[in-house]
Amino acid sequence: MTTVTRRVAPAPASTNTLRFPQGFTWGTATAAYQIEGAASVDGRTPSIWDTYSHTPGRVRNGDTGDVATDHYHRWREDVAIMADLGVSAYRFSLSWPRVQPTGRGPAVQKGLDFYRALTDALLEKGIEPVVTLYHWDLPQELEDAGGWPERVTSDRFADYATLAARALGDRVKTWTTLNEPWCSAFLGYGSGVHAPGRTDPVAALRAAHHLNLAHGKAVQALRAELPSRARTSITLNIHHVRALTEAAEDLDAVRRIDALANRVFTGPLLEGAYPQDLLQDTAGLTDWSFVQDGDLATIHQPLDFLGVNYYTPTLVSAATGEASHGSDGHGASEHSPWPGADRVAFHRPEGSTTAMGWAVDPSGLYDLLMRLKAEFPAMPLMITENGAAFDDYVNPEGEVSDPERIAYLHGHLSAVQRAIVAGVDVRGYFLWSLLDNFEWGYGYSKRFGAVYVDYPTGKRIPKASARWYADVARTGTLPDRDGENR
(Lines give C-alpha, C1' and ligand atoms only; values in the text may rest on other atoms or scores of the structure.)
Protein backbone atom coordinates (compact mmCIF):
# COMPACT_ATOMS: atom_id res chain seq x y z
CA MET A 1 0.00 0.00 0.00
CA THR A 2 1.33 3.44 -0.87
CA THR A 3 1.23 5.58 2.24
CA VAL A 4 2.29 8.97 3.38
CA THR A 5 4.62 8.30 6.28
CA ARG A 6 4.89 10.91 9.00
CA ARG A 7 7.82 9.86 11.10
CA VAL A 8 10.31 11.69 13.25
CA ALA A 9 13.64 10.33 14.32
CA PRO A 10 12.99 8.07 17.31
CA ALA A 11 14.85 8.40 20.55
CA PRO A 12 17.60 5.85 21.23
CA ALA A 13 15.93 2.53 21.86
CA SER A 14 16.51 -0.03 24.52
CA THR A 15 17.38 -3.54 23.45
CA ASN A 16 13.80 -4.60 24.21
CA THR A 17 12.11 -2.11 21.88
CA LEU A 18 10.03 -3.70 19.14
CA ARG A 19 10.45 -1.94 15.81
CA PHE A 20 8.18 -2.10 12.80
CA PRO A 21 9.40 -1.88 9.20
CA GLN A 22 9.95 1.52 7.64
CA GLY A 23 6.83 2.53 5.74
CA PHE A 24 4.52 0.33 7.83
CA THR A 25 0.98 1.70 7.61
CA TRP A 26 -0.49 2.97 10.88
CA GLY A 27 -4.19 3.56 10.55
CA THR A 28 -7.56 3.58 12.20
CA ALA A 29 -10.93 2.40 10.93
CA THR A 30 -14.69 3.00 11.04
CA ALA A 31 -17.87 1.89 9.23
CA ALA A 32 -20.52 4.14 7.70
CA TYR A 33 -23.64 2.98 9.54
CA GLN A 34 -21.81 2.97 12.87
CA ILE A 35 -20.71 6.61 12.74
CA GLU A 36 -22.37 8.70 10.03
CA GLY A 37 -25.93 9.24 11.23
CA ALA A 38 -27.89 11.55 8.90
CA ALA A 39 -29.93 8.48 8.04
CA SER A 40 -32.45 10.27 5.81
CA VAL A 41 -30.36 13.24 4.69
CA ASP A 42 -29.44 14.19 1.11
CA GLY A 43 -31.24 11.33 -0.57
CA ARG A 44 -30.08 8.45 1.61
CA THR A 45 -32.69 5.69 1.95
CA PRO A 46 -32.89 2.82 4.46
CA SER A 47 -30.38 0.02 4.57
CA ILE A 48 -31.04 -3.36 6.14
CA TRP A 49 -29.46 -2.03 9.33
CA ASP A 50 -31.90 0.88 9.48
CA THR A 51 -34.76 -1.59 9.21
CA TYR A 52 -33.22 -4.05 11.65
CA SER A 53 -32.38 -1.48 14.31
CA HIS A 54 -35.90 -0.02 14.14
CA THR A 55 -37.42 -3.47 14.70
CA PRO A 56 -38.33 -3.84 18.39
CA GLY A 57 -36.18 -6.31 20.28
CA ARG A 58 -33.39 -6.49 17.73
CA VAL A 59 -30.88 -3.99 19.20
CA ARG A 60 -30.08 -3.42 22.86
CA ASN A 61 -32.00 -0.51 24.38
CA GLY A 62 -33.77 0.08 21.07
CA ASP A 63 -30.72 1.98 19.78
CA THR A 64 -30.43 2.89 16.11
CA GLY A 65 -27.85 4.46 13.83
CA ASP A 66 -30.07 7.40 12.98
CA VAL A 67 -27.61 9.84 14.57
CA ALA A 68 -24.71 7.59 15.62
CA THR A 69 -21.72 9.89 16.19
CA ASP A 70 -23.02 12.40 13.61
CA HIS A 71 -19.86 11.99 11.54
CA TYR A 72 -21.79 13.16 8.47
CA HIS A 73 -21.87 16.63 9.96
CA ARG A 74 -18.72 16.47 12.14
CA TRP A 75 -16.28 14.84 9.72
CA ARG A 76 -13.96 17.86 9.69
CA GLU A 77 -13.48 17.51 13.43
CA ASP A 78 -12.83 13.79 13.07
CA VAL A 79 -10.23 14.34 10.34
CA ALA A 80 -8.50 16.87 12.60
CA ILE A 81 -8.40 14.27 15.38
CA MET A 82 -6.78 11.76 13.04
CA ALA A 83 -4.21 14.34 12.00
CA ASP A 84 -3.38 14.97 15.65
CA LEU A 85 -2.96 11.23 16.15
CA GLY A 86 -0.48 11.12 13.28
CA VAL A 87 -2.00 8.10 11.57
CA SER A 88 -0.96 7.58 7.96
CA ALA A 89 -4.21 5.97 6.73
CA TYR A 90 -7.93 5.93 7.46
CA ARG A 91 -10.07 2.96 6.51
CA PHE A 92 -13.75 3.89 6.15
CA SER A 93 -16.71 2.47 4.32
CA LEU A 94 -19.06 4.09 1.85
CA SER A 95 -22.75 3.90 2.66
CA TRP A 96 -24.27 2.07 -0.30
CA PRO A 97 -27.75 3.64 0.22
CA ARG A 98 -26.15 7.08 0.47
CA VAL A 99 -24.35 6.63 -2.84
CA GLN A 100 -27.02 4.60 -4.68
CA PRO A 101 -30.19 4.68 -2.57
CA THR A 102 -32.16 1.84 -4.13
CA GLY A 103 -29.16 -0.26 -5.09
CA ARG A 104 -29.97 0.44 -8.73
CA GLY A 105 -29.53 3.27 -11.19
CA PRO A 106 -27.43 6.43 -11.00
CA ALA A 107 -25.58 7.70 -7.98
CA VAL A 108 -26.80 10.56 -5.79
CA GLN A 109 -24.35 13.40 -6.24
CA LYS A 110 -24.75 14.76 -2.71
CA GLY A 111 -23.72 11.39 -1.35
CA LEU A 112 -20.68 11.26 -3.59
CA ASP A 113 -19.83 14.88 -2.73
CA PHE A 114 -19.68 13.95 0.96
CA TYR A 115 -17.08 11.27 0.28
CA ARG A 116 -15.17 13.50 -2.14
CA ALA A 117 -14.90 16.20 0.51
CA LEU A 118 -13.86 13.67 3.15
CA THR A 119 -11.13 12.15 0.98
CA ASP A 120 -9.84 15.58 -0.04
CA ALA A 121 -9.56 16.61 3.61
CA LEU A 122 -7.71 13.40 4.45
CA LEU A 123 -5.26 13.87 1.61
CA GLU A 124 -4.63 17.48 2.66
CA LYS A 125 -3.59 16.14 6.08
CA GLY A 126 -1.33 13.48 4.58
CA ILE A 127 -3.71 10.65 5.50
CA GLU A 128 -4.34 7.99 2.87
CA PRO A 129 -8.04 7.17 2.35
CA VAL A 130 -8.69 3.41 2.26
CA VAL A 131 -12.22 2.74 1.04
CA THR A 132 -14.38 -0.27 1.87
CA LEU A 133 -17.32 -0.58 -0.50
CA TYR A 134 -19.50 -2.72 1.76
CA HIS A 135 -19.66 -2.84 5.55
CA TRP A 136 -23.06 -4.52 5.91
CA ASP A 137 -25.47 -1.74 4.83
CA LEU A 138 -27.31 -3.38 1.92
CA PRO A 139 -30.02 -1.07 0.51
CA GLN A 140 -33.33 -2.29 1.88
CA GLU A 141 -34.86 -2.44 -1.59
CA LEU A 142 -32.30 -5.07 -2.59
CA GLU A 143 -33.11 -7.12 0.50
CA ASP A 144 -36.80 -6.85 -0.36
CA ALA A 145 -35.89 -8.37 -3.74
CA GLY A 146 -34.14 -11.32 -2.03
CA GLY A 147 -30.88 -9.89 -0.71
CA TRP A 148 -27.57 -11.71 -0.74
CA PRO A 149 -29.09 -15.19 -1.17
CA GLU A 150 -30.06 -14.06 -4.68
CA ARG A 151 -27.54 -13.99 -7.49
CA VAL A 152 -28.69 -10.67 -8.92
CA THR A 153 -27.42 -8.85 -5.82
CA SER A 154 -23.85 -9.56 -6.93
CA ASP A 155 -24.59 -7.79 -10.22
CA ARG A 156 -26.01 -4.78 -8.38
CA PHE A 157 -22.87 -4.66 -6.25
CA ALA A 158 -20.64 -4.58 -9.32
CA ASP A 159 -22.66 -1.64 -10.68
CA TYR A 160 -22.25 0.17 -7.37
CA ALA A 161 -18.49 -0.48 -7.43
CA THR A 162 -18.32 1.13 -10.85
CA LEU A 163 -20.12 4.26 -9.60
CA ALA A 164 -17.78 4.54 -6.61
CA ALA A 165 -14.64 4.05 -8.69
CA ARG A 166 -15.68 6.69 -11.22
CA ALA A 167 -16.36 9.18 -8.44
CA LEU A 168 -13.36 8.56 -6.19
CA GLY A 169 -10.80 6.76 -8.34
CA ASP A 170 -8.76 9.93 -8.81
CA ARG A 171 -8.41 10.27 -5.03
CA VAL A 172 -8.43 6.74 -3.59
CA LYS A 173 -5.66 4.25 -4.34
CA THR A 174 -6.69 1.40 -2.06
CA TRP A 175 -10.06 -0.35 -2.26
CA THR A 176 -11.62 -3.14 -0.23
CA THR A 177 -14.68 -4.83 -1.69
CA LEU A 178 -16.32 -6.46 1.37
CA ASN A 179 -15.80 -6.31 5.09
CA GLU A 180 -16.28 -9.63 6.89
CA PRO A 181 -18.62 -11.39 4.46
CA TRP A 182 -18.90 -14.19 7.05
CA CYS A 183 -20.91 -11.85 9.27
CA SER A 184 -23.10 -10.71 6.39
CA ALA A 185 -23.91 -14.28 5.38
CA PHE A 186 -24.01 -16.31 8.57
CA LEU A 187 -25.05 -13.76 11.18
CA GLY A 188 -27.41 -11.97 8.82
CA TYR A 189 -29.10 -15.00 7.27
CA GLY A 190 -28.21 -17.87 9.65
CA SER A 191 -28.47 -16.86 13.29
CA GLY A 192 -30.29 -13.59 12.63
CA VAL A 193 -28.29 -11.55 15.15
CA HIS A 194 -27.28 -9.15 12.38
CA ALA A 195 -29.36 -7.51 9.68
CA PRO A 196 -31.49 -8.55 7.93
CA GLY A 197 -32.23 -10.97 10.76
CA ARG A 198 -33.15 -14.05 8.75
CA THR A 199 -32.64 -17.57 10.11
CA ASP A 200 -32.28 -19.93 7.16
CA PRO A 201 -29.10 -22.04 6.95
CA VAL A 202 -29.44 -22.61 3.21
CA ALA A 203 -29.93 -18.89 2.63
CA ALA A 204 -26.76 -18.29 4.63
CA LEU A 205 -24.75 -20.60 2.36
CA ARG A 206 -26.27 -19.06 -0.74
CA ALA A 207 -25.42 -15.60 0.64
CA ALA A 208 -21.81 -16.64 1.26
CA HIS A 209 -21.43 -17.70 -2.37
CA HIS A 210 -23.06 -14.58 -3.77
CA LEU A 211 -20.91 -12.38 -1.56
CA ASN A 212 -17.86 -14.16 -2.96
CA LEU A 213 -19.23 -13.64 -6.45
CA ALA A 214 -19.95 -9.97 -5.71
CA HIS A 215 -16.35 -9.53 -4.64
CA GLY A 216 -15.02 -11.01 -7.87
CA LYS A 217 -17.34 -8.92 -10.03
CA ALA A 218 -16.49 -5.79 -8.04
CA VAL A 219 -12.74 -6.34 -8.47
CA GLN A 220 -13.30 -6.62 -12.21
CA ALA A 221 -15.41 -3.46 -12.19
CA LEU A 222 -12.86 -1.54 -10.13
CA ARG A 223 -9.98 -2.54 -12.37
CA ALA A 224 -11.94 -1.48 -15.43
CA GLU A 225 -12.26 2.05 -14.01
CA LEU A 226 -9.23 2.65 -11.80
CA PRO A 227 -5.67 3.56 -12.79
CA SER A 228 -3.14 0.75 -12.77
CA ARG A 229 -1.57 1.93 -9.51
CA ALA A 230 -4.82 1.23 -7.59
CA ARG A 231 -4.90 -1.68 -5.16
CA THR A 232 -7.79 -4.06 -4.47
CA SER A 233 -8.45 -6.29 -1.50
CA ILE A 234 -11.07 -7.97 0.66
CA THR A 235 -11.24 -8.09 4.46
CA LEU A 236 -12.03 -11.38 6.22
CA ASN A 237 -12.61 -11.99 9.92
CA ILE A 238 -10.61 -15.19 9.81
CA HIS A 239 -11.38 -17.23 12.90
CA HIS A 240 -8.44 -18.76 14.73
CA VAL A 241 -10.10 -22.02 15.77
CA ARG A 242 -8.61 -24.16 18.52
CA ALA A 243 -9.62 -27.57 19.86
CA LEU A 244 -10.61 -28.03 23.50
CA THR A 245 -8.57 -31.26 23.56
CA GLU A 246 -6.44 -33.24 21.12
CA ALA A 247 -9.12 -35.90 20.84
CA ALA A 248 -9.95 -36.84 17.23
CA GLU A 249 -13.56 -35.70 17.58
CA ASP A 250 -12.50 -32.28 18.87
CA LEU A 251 -10.01 -31.87 16.03
CA ASP A 252 -12.80 -32.71 13.61
CA ALA A 253 -14.91 -29.99 15.21
CA VAL A 254 -12.08 -27.56 14.42
CA ARG A 255 -12.09 -28.74 10.82
CA ARG A 256 -15.84 -28.21 10.46
CA ILE A 257 -15.81 -24.71 11.91
CA ASP A 258 -12.70 -23.74 9.99
CA ALA A 259 -14.46 -24.72 6.77
CA LEU A 260 -17.52 -22.60 7.59
CA ALA A 261 -15.67 -19.65 9.10
CA ASN A 262 -12.63 -19.40 6.87
CA ARG A 263 -12.23 -21.74 3.94
CA VAL A 264 -15.70 -21.00 2.54
CA PHE A 265 -14.04 -17.69 1.57
CA THR A 266 -10.31 -18.35 1.26
CA GLY A 267 -10.96 -21.42 -0.89
CA PRO A 268 -12.71 -19.71 -3.80
CA LEU A 269 -11.05 -16.32 -3.30
CA LEU A 270 -7.44 -17.48 -3.10
CA GLU A 271 -7.46 -21.00 -4.55
CA GLY A 272 -10.38 -21.00 -6.98
CA ALA A 273 -12.44 -23.76 -5.36
CA TYR A 274 -14.71 -24.50 -2.42
CA PRO A 275 -13.23 -27.08 -0.04
CA GLN A 276 -14.62 -30.56 -0.56
CA ASP A 277 -15.16 -31.18 3.14
CA LEU A 278 -17.38 -28.09 3.33
CA LEU A 279 -19.52 -29.39 0.48
CA GLN A 280 -19.76 -32.79 2.18
CA ASP A 281 -20.55 -31.35 5.62
CA THR A 282 -23.44 -29.31 4.18
CA ALA A 283 -24.70 -31.85 1.63
CA GLY A 284 -27.73 -32.55 3.80
CA LEU A 285 -28.77 -28.91 3.39
CA THR A 286 -27.90 -28.07 -0.21
CA ASP A 287 -26.28 -29.49 -3.32
CA TRP A 288 -24.60 -26.11 -3.99
CA SER A 289 -26.25 -25.92 -7.40
CA PHE A 290 -26.33 -22.13 -6.98
CA VAL A 291 -22.62 -22.21 -7.94
CA GLN A 292 -22.76 -21.79 -11.71
CA ASP A 293 -20.18 -22.42 -14.42
CA GLY A 294 -17.61 -19.62 -14.44
CA ASP A 295 -18.37 -18.41 -10.92
CA LEU A 296 -15.17 -19.68 -9.39
CA ALA A 297 -13.04 -18.07 -12.08
CA THR A 298 -14.84 -14.79 -11.47
CA ILE A 299 -14.33 -15.02 -7.71
CA HIS A 300 -10.66 -15.98 -8.00
CA GLN A 301 -9.29 -12.52 -8.84
CA PRO A 302 -5.71 -11.48 -8.08
CA LEU A 303 -5.52 -9.34 -4.94
CA ASP A 304 -2.90 -6.83 -3.86
CA PHE A 305 -3.28 -7.81 -0.22
CA LEU A 306 -5.65 -9.63 2.14
CA GLY A 307 -7.26 -7.72 4.99
CA VAL A 308 -7.37 -9.61 8.29
CA ASN A 309 -9.65 -8.72 11.21
CA TYR A 310 -8.86 -10.36 14.54
CA TYR A 311 -10.21 -9.89 18.06
CA THR A 312 -10.17 -13.24 19.89
CA PRO A 313 -9.69 -16.97 19.25
CA THR A 314 -12.48 -19.56 18.93
CA LEU A 315 -12.48 -22.66 21.15
CA VAL A 316 -14.51 -25.73 20.09
CA SER A 317 -15.08 -29.39 20.82
CA ALA A 318 -17.39 -32.15 19.72
CA ALA A 319 -20.73 -31.77 21.45
CA THR A 320 -21.33 -34.29 24.21
CA GLY A 321 -24.91 -33.16 24.71
CA GLU A 322 -26.85 -30.41 23.04
CA ALA A 323 -24.50 -28.24 21.03
CA SER A 324 -23.95 -24.70 22.31
CA HIS A 325 -23.21 -22.11 19.65
CA GLY A 326 -24.13 -19.38 22.13
CA SER A 327 -20.53 -19.28 23.32
CA ASP A 328 -19.13 -18.59 19.86
CA GLY A 329 -18.82 -14.88 20.65
CA HIS A 330 -21.19 -13.72 17.92
CA GLY A 331 -24.38 -13.06 19.87
CA ALA A 332 -27.18 -15.11 21.38
CA SER A 333 -29.79 -16.73 19.15
CA GLU A 334 -31.83 -19.91 19.08
CA HIS A 335 -30.56 -20.35 15.54
CA SER A 336 -27.01 -21.34 14.68
CA PRO A 337 -24.74 -19.45 12.29
CA TRP A 338 -22.94 -22.75 11.62
CA PRO A 339 -24.91 -24.77 9.05
CA GLY A 340 -23.96 -28.42 9.02
CA ALA A 341 -22.09 -28.18 12.33
CA ASP A 342 -24.84 -29.11 14.77
CA ARG A 343 -22.56 -31.43 16.73
CA VAL A 344 -19.97 -28.79 17.59
CA ALA A 345 -19.84 -27.06 20.97
CA PHE A 346 -18.23 -23.67 21.63
CA HIS A 347 -16.42 -22.80 24.84
CA ARG A 348 -15.29 -19.61 26.51
CA PRO A 349 -11.50 -19.59 26.85
CA GLU A 350 -10.06 -18.98 30.29
CA GLY A 351 -8.38 -15.72 31.23
CA SER A 352 -9.22 -12.03 31.03
CA THR A 353 -11.94 -10.80 28.71
CA THR A 354 -13.08 -7.54 27.14
CA ALA A 355 -16.46 -5.93 27.71
CA MET A 356 -17.71 -8.08 24.83
CA GLY A 357 -16.84 -11.21 26.82
CA TRP A 358 -14.11 -12.02 24.31
CA ALA A 359 -10.90 -13.60 25.57
CA VAL A 360 -7.79 -11.45 25.38
CA ASP A 361 -5.28 -13.69 23.60
CA PRO A 362 -2.66 -12.13 21.31
CA SER A 363 -1.15 -15.55 20.64
CA GLY A 364 -4.19 -16.27 18.47
CA LEU A 365 -3.26 -13.39 16.17
CA TYR A 366 0.34 -14.58 15.90
CA ASP A 367 -0.75 -18.14 15.15
CA LEU A 368 -3.26 -16.92 12.58
CA LEU A 369 -0.67 -14.83 10.76
CA MET A 370 1.76 -17.74 10.72
CA ARG A 371 -0.94 -19.99 9.28
CA LEU A 372 -1.72 -17.52 6.50
CA LYS A 373 1.97 -17.28 5.65
CA ALA A 374 2.20 -21.07 5.42
CA GLU A 375 -0.93 -21.43 3.26
CA PHE A 376 -0.63 -18.30 1.10
CA PRO A 377 3.05 -17.32 1.22
CA ALA A 378 2.86 -14.82 -1.65
CA MET A 379 -0.10 -12.88 -0.24
CA PRO A 380 0.70 -9.62 1.59
CA LEU A 381 -1.43 -9.06 4.69
CA MET A 382 -2.92 -6.03 6.36
CA ILE A 383 -4.44 -6.02 9.86
CA THR A 384 -7.58 -4.08 8.95
CA GLU A 385 -9.26 -4.33 12.36
CA ASN A 386 -8.01 -5.08 15.85
CA GLY A 387 -9.13 -3.54 19.10
CA ALA A 388 -11.23 -4.04 22.21
CA ALA A 389 -14.29 -2.74 24.02
CA PHE A 390 -14.01 -1.79 27.68
CA ASP A 391 -16.28 0.05 30.11
CA ASP A 392 -14.78 3.49 29.56
CA TYR A 393 -15.92 6.61 31.39
CA VAL A 394 -14.90 10.24 31.77
CA ASN A 395 -13.20 10.91 35.11
CA PRO A 396 -13.69 14.10 37.16
CA GLU A 397 -10.72 15.68 35.38
CA GLY A 398 -12.48 15.21 32.03
CA GLU A 399 -10.13 12.45 30.89
CA VAL A 400 -10.64 8.84 29.84
CA SER A 401 -8.07 6.42 31.23
CA ASP A 402 -8.16 3.02 29.54
CA PRO A 403 -5.12 0.99 30.61
CA GLU A 404 -6.86 -2.28 29.69
CA ARG A 405 -7.07 -1.18 26.06
CA ILE A 406 -3.44 -0.09 26.02
CA ALA A 407 -2.45 -3.51 27.36
CA TYR A 408 -4.63 -5.20 24.73
CA LEU A 409 -3.07 -3.18 21.91
CA HIS A 410 0.44 -3.68 23.25
CA GLY A 411 -0.02 -7.45 23.32
CA HIS A 412 -1.52 -7.68 19.85
CA LEU A 413 0.95 -5.31 18.23
CA SER A 414 3.72 -7.36 19.84
CA ALA A 415 2.22 -10.42 18.17
CA VAL A 416 2.18 -8.64 14.80
CA GLN A 417 5.79 -7.54 15.17
CA ARG A 418 6.84 -11.04 16.17
CA ALA A 419 5.11 -12.43 13.07
CA ILE A 420 6.91 -9.91 10.87
CA VAL A 421 10.24 -10.97 12.35
CA ALA A 422 9.24 -14.57 11.57
CA GLY A 423 8.81 -13.64 7.92
CA VAL A 424 5.11 -12.77 7.60
CA ASP A 425 4.52 -9.96 5.11
CA VAL A 426 2.29 -7.69 7.20
CA ARG A 427 2.09 -4.23 5.63
CA GLY A 428 0.07 -2.31 8.21
CA TYR A 429 -2.31 -2.15 11.16
CA PHE A 430 -5.65 -0.37 11.50
CA LEU A 431 -6.93 0.21 15.02
CA TRP A 432 -10.63 -0.48 15.54
CA SER A 433 -12.04 1.97 16.09
CA LEU A 434 -11.39 5.66 15.74
CA LEU A 435 -14.58 6.54 17.63
CA ASP A 436 -16.96 4.95 20.06
CA ASN A 437 -19.97 4.16 17.90
CA PHE A 438 -23.10 2.13 17.22
CA GLU A 439 -21.94 -1.43 17.92
CA TRP A 440 -24.54 -3.29 15.84
CA GLY A 441 -26.83 -5.45 17.99
CA TYR A 442 -25.23 -4.06 21.16
CA GLY A 443 -26.27 -0.50 20.30
CA TYR A 444 -24.26 2.10 22.18
CA SER A 445 -23.49 -0.15 25.16
CA LYS A 446 -19.99 -1.16 23.96
CA ARG A 447 -17.14 1.27 23.43
CA PHE A 448 -14.35 0.27 21.03
CA GLY A 449 -13.07 3.75 20.23
CA ALA A 450 -9.69 5.33 20.79
CA VAL A 451 -11.80 8.49 21.06
CA TYR A 452 -14.61 8.66 23.61
CA VAL A 453 -17.92 10.02 22.32
CA ASP A 454 -20.43 11.60 24.66
CA TYR A 455 -23.54 10.58 22.75
CA PRO A 456 -25.96 13.26 24.02
CA THR A 457 -23.63 16.07 22.93
CA GLY A 458 -21.37 14.39 20.37
CA LYS A 459 -18.29 15.67 22.20
CA ARG A 460 -15.08 13.80 21.33
CA ILE A 461 -12.47 13.07 24.03
CA PRO A 462 -9.31 11.20 22.99
CA LYS A 463 -8.64 8.40 25.47
CA ALA A 464 -5.25 7.58 26.93
CA SER A 465 -4.99 4.77 24.37
CA ALA A 466 -5.30 7.31 21.56
CA ARG A 467 -2.25 9.19 22.83
CA TRP A 468 -0.42 5.89 23.32
CA TYR A 469 -1.24 4.76 19.78
CA ALA A 470 -0.18 8.14 18.40
CA ASP A 471 3.26 7.64 19.94
CA VAL A 472 3.53 4.17 18.41
CA ALA A 473 2.52 5.49 14.98
CA ARG A 474 4.89 8.46 15.28
CA THR A 475 7.96 6.41 16.18
CA GLY A 476 7.24 3.11 14.48
CA THR A 477 8.24 1.37 17.70
CA LEU A 478 6.35 -0.42 20.42
CA PRO A 479 7.04 0.45 24.05
CA ASP A 480 8.98 -2.10 26.03
CA ARG A 481 7.01 -0.94 29.06
CA ASP A 482 3.39 0.16 29.25
CA GLY A 483 2.96 3.78 28.30
CA GLU A 484 6.39 4.82 27.00
CA ASN A 485 8.28 4.50 23.71
CA ARG A 486 11.97 3.92 24.37
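In case you missed it, the structure is sitting above this.
Residues numbered from 1 in each chain as written. Predicted model: local features only at pLDDT ≥ 70, side-chain atom pairs only at ≥ 80, totals over all residues. Heavy atoms only, no water.

Visitor: Please set out the pattern of salt bridges residue by residue, giving values where relevant.
Guide: In total, this model carries 32 salt bridges according to the counting rule given. For the salt bridge of D78 with R460, the shortest nitrogen-to-oxygen distance reads 2.8 Å. Placement of the pair is D78 in helix α3 (residues 71-85) and R460 in strand β14 (residues 459-462), with a sequence separation of 382 residues. You'll find D78 and R460 in the same group, each marked buried. (Salt bridge = Lys/Arg side-chain N within 4 Å of Asp/Glu carboxyl O. Helix = DSSP H or I, 4+ residues; strand = E, 2+ residues; numbered from the N terminus. Buried < 20%, exposed > 50% of the residue type's maximum accessible area, 1.4 Å probe, protein only.)

Visitor: Which residues make up helix α5 (residues 109-124), and what values go with them?
Guide: Think of an α-helix as 3.6 residues a turn; residues three or four steps apart then line up on the same face. For α5, built from 16 residues, the straight-helix expectation of 22 Å at 1.5 Å per residue is met to within 8% by its first-to-last C-alpha distance of 22 Å. Among the residues of α5, those classed as buried are G111, L112, F114, Y115, R116, L118, T119, A121 and L122. In the segment just after α5, G126 is the residue with positive phi, at about 75 degrees. (Expected span 1.5 Å × (residues − 1).)

Visitor: Describe the nonpolar core, with residues and values.
Guide: By size, the foremost hydrophobic cluster in this structure holds 154 residues, and its most contacted members are W49, L94, W148, F157, V416 and Y429. Residues contacting W49, with those up to four places away along its chain left out, are Y33, V59, W136, V193, H194, A195, F438, W440 and G441. (Core = buried A, V, L, I, M, F, W, Y, C linked by side-chain atoms within 4.5 Å. Contact = heavy atoms within 4.5 Å.)

Visitor: Mind laying out the sheet that holds strand β4 (residues 128-134), listing which residues take part and the relevant values?
Guide: Strand order in this closed barrel of eight strands is β2-β3-β4-β5-β6-β8-β11-β12, and the pairing throughout is parallel. The mean angle between the axes of side-by-side strands here comes to 25 degrees, regardless of whether they run parallel or antiparallel. As judged from the three bridges shared by strand β2 (residues 25-29) and strand β3 (residues 89-93), these two strands associate in the parallel manner. Looking across to β3, one finds that A29 is bridged to R91. (Pairing = 2+ DSSP bridges. Axes fitted to C-alpha atoms, helices over the stretch in contact; angles between N-to-C directions.)

Visitor: Describe in detail the packing of helix α9 (residues 201-225) against helix α10 (residues 248-271), supporting the description with residues and values.
Guide: Put simply, α9 and α10 touch, their axes get as near as 10 Å, and they point 35 degrees apart. By crossing handedness, the relation of α9 to α10 is classed as right-handed. Here L205, A208, N212 and H215 of α9 lie close against α10, whose contacting residues are L260, V264, F265, P268 and L269. Split into classes, the residues belonging to the contact of α9 with α10 amount to seven nonpolar, two polar and no charged. (Left-handed = near helix turned anticlockwise from the far one by under 90°. Nonpolar A, V, L, I, M, F, W, Y, C, P; charged D, E, K, R; others polar.)

Visitor: Account for unusual backbone geometry, naming residues and giving values.
Guide: Leave glycine aside and you will find that most residues have negative phi; peptide bonds, for their part, are mostly trans. A cis amide bond links A195 with the next residue in sequence, P196, at an omega value of 10 degrees. Position of P196 relative to the elements: it lies in the loop between α8 (181-191) and α9. A positive phi angle is found at A38, which is not glycine, with a value near 45 degrees. With respect to the helices, strands and loops of the structure, A38 is situated in the loop between α1 (32-35) and α2 (48-53). Classification of A38 as buried rests on a relative accessible area of 8%. One non-glycine residue, W288, lies in positive phi territory at about 60 degrees. In this structure, W288 sits in the loop between α11 (276-281) and α12 (295-299).

Honestly, that's just the spatial picture; any functional story needs more than this.
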